[in-house]
Structure formats: C-alpha cells, structure tokens
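Structural description and commentary
Residues per chain are reported as follows:
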Amino acid sequence: MSELLSPRAIRLGETEKTRDDAIRRCGEVLVEVGAVEPGYVDTMLAREQSISTYVGEGVAIPHGTLAGKDLVKRDALAVLRFPEGVDWGGEQVTVCVAIAAQGDGHVDLLAALAEILLDEDQARELREATEPETVIRLLGTIQEDKEQ
C-alpha cells in the first residue's frame, strides 16, 4: 500500500469550500507526492465537467481524463477529508479519493473502493477518519486486490 498511498498523500483537515477548489487541492497533493505533472490537475477538472466523480456515501473520486494519462508518473491515491463538507453538485462530500493511473488500473481501484463504500461501517469510518493510519488500514485492501 505504501507505493499506492503514501501517508504524505493523506490530508484529513482540508477546508476548501467549492468542488473545483477541492479537486485542485486533490491534484496539488498528487503533484506534491510526485505522482503527476502539474497539468494533470486541469484534466481532473475537465473530467468533472464531463461527468461527476461523486460515488455516494459522501465520497468523490476525482481523477483525470484519458488526455491526462501522459502526465501520470506513477499510479497513486491521495485521500483528502473535508470535515465541513463540500457541495458536489448538490451532494455533500467529506472525503475525496483522488486517483492517478497510467493505464486502466483505476478501474480496479474504483471497484475496490466501491466495496468499502458498500459497507456502512467502513464508509463511515473513512468519512470520519482523523488519523492517516485509519485510512491506510481501510484502503489497504485496494493494494492487496491490485496485487492479486
């Protein structure tokens, strides 16, 4: 899991107020951890304009468009928590799981994340996480699934 989700990519006290600012912040974190080039952030915003990345249970999964794949240095996740919530096109989002994927690895990531969100207890624990270790434990199954 350390390769896919570094503790440095977990930010649990973010304060952005708008969806676009939250997406930009997610992209900035992916840039900070060396997963993507700065231009990837624009492709994340473009993705959101074409289809919402809100997946339910207060979680959104911002990621870039196909055009952004060349800007991805390595597959990575960033988890940002917005305790005050962000209006995501009429839905309240408190957690963003930002995805950078070079190939179609994001499909497996999305499937594994969906399993977590389908479990009410795990979804709540992710939304309420205050320690990076909690996020790593919950999302650790994503890395395990990817390796199988």
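To continue, consider the nonpolar core. Core analysis: the largest hydrophobic core is formed by 46 residues, its most contacted members being Leu5, Leu30, Trp88, Val97 and Val135. Breaking this core down by element, the ones donating at least two residues are α1 (19–32), α2 (40–50), β3 (59–60), β4 (76–88), β5 (91–100), α3 (105–118), α4 (120–128) and α5 (132–147). Residue contributions to this core peak at eight residues, all from β4. Beyond its immediate sequence surroundings of up to four residues, Val135 is in contact with Leu5, Ile10, Leu12, Val79, Leu126 and Ala129.

A separate point is the confidence of the model for the chain. A residue-level look at the chain finds 92% of positions with pLDDT of 70 or above and a mean pLDDT of 90. When mean pLDDT is compared element by element in the chain, α1 scores highest at 98, while α5 scores lowest at 73.

By secondary structure assignment, the location of Ile136 is in helix α5. For Ile136, a relative accessible area of 25% gives the class partly exposed. Residues Ile136 and Leu5 lie 131 residues apart in sequence; the distance between their C-alpha atoms is 7.3 Å.

Sheets are built from strands paired through backbone hydrogen bonds, the pairs being either parallel or antiparallel. With mixed pairing, five strands are arranged side by side in an open sheet as β1-β4-β5-β3-β2. Edge strands, defined here as strands with exactly one partner in the open sheet, are β1 (10–11) and β2 (54–56). Relative to β4, β1 runs parallel, the two being bridged by two bridges. Residue pairing in the sheet places Arg11 in a bridge with Leu80 of β4. Here α1 sits on the sheet in contact with β1, β4 and β5, set at roughly 160° to β4.

Attention now goes to α1. Each α-helix turn comprises 3.6 residues. Residues three or four places apart therefore point the same way. For α1, with 14 residues, the first-to-last C-alpha span of 20 Å sits near the 20 Å given by 1.5 Å per residue. On the buried face of α1, the contacting elements are β1, α2, β4 and β5. Taken from the residues just after α1, Gly34 is the one with a positive phi, measuring 80°.

So, about the pattern of salt bridges. Throughout the structure, instances matching the rule amount to 10 salt bridges. In this structure, Glu28 engages Arg25 in a salt bridge whose closest nitrogen and oxygen atoms are separated by 3.1 Å. Residue Glu28 and its partner Arg25 are located together in helix α1, separated by three residues, close to a single helical turn. Between Lys73 and Glu37 there is a salt bridge, and its shortest N-O distance comes to 3.8 Å.

Below, the discussion takes up the pairing of β5. Looking along a regular strand, one sees side chains alternate from face to face of the sheet. For β5, the tally of buried residues reaches eight of 10 residues, placing the bulk of the element in the interior. Alignment of β3 against β5, held across two bridges, turns out to be parallel. Counted as the bridge partner of Ala60 is Cys96 from β5. Sheet topology note: the β4/β5 ladder contains nine bridges and is antiparallel. Across the sheet, the residue bridging to Trp88 is Glu91, located in β5. Connecting β4 to the antiparallel partner β5 that follows it, the hairpin turn spans two residues, and Gly89 within it adopts a positive phi of roughly 65°.

What follows concerns the environment of Glu131. Tracing the chain through its elements places Glu131 in the loop between α4 and α5. For Glu131, a relative accessible area of 43% puts it in the partly exposed group. Sequence separation between Glu131 and Leu12 is 119 residues; the distance between their C-alpha atoms is 7.5 Å.

The rules behind these values
- The residue numbering used here restarts from 1 in each chain and proceeds along that chain's sequence as written.
- In keeping with the model being predicted, local features are shown solely for residues with a pLDDT of at least 70 and side-chain atom pairs are shown and tallied solely at 80 or more, while totals for entire chains, interfaces and linings include all residues.
- With hydrogens and water excluded, all non-hydrogen atoms of the structure serve as input to the side-chain values.
- Nonpolar cores were defined as sets of buried Ala, Val, Leu, Ile, Met, Phe, Trp, Tyr and Cys residues, with membership established by side-chain atoms within 4.5 Å.
- Exposure categories follow from relative accessible area, calculated using a 1.4 Å probe and restricted to protein chains: below 20% of the type maximum is buried, above 50% is exposed, and the middle band is partly exposed.
- For helices the rule is a DSSP run of H or I covering at least 4 residues; for strands it is a run of E covering at least 2, with both sets numbered from the N terminus onward.
- Residue contacts follow a heavy-atom distance rule, with two residues in contact if any of their heavy atoms lie within 4.5 Å.
- Here pLDDT means the predictor's own confidence in every residue, given as a number from 0 to 100.
- Strand pairing is defined by DSSP finding a minimum of two bridges between the two strands.
- Only the stretch in contact is used when fitting a helix axis, every axis being a line fitted to C-alpha atoms; angles between N-to-C directions are given from 0 to 180 degrees.
- An expected span of 1.5 Å times one less than the residue number is assigned to each helix.
- We define a salt bridge as a side-chain nitrogen of Lys or Arg found within 4 Å of a carboxyl oxygen belonging to Asp or Glu.

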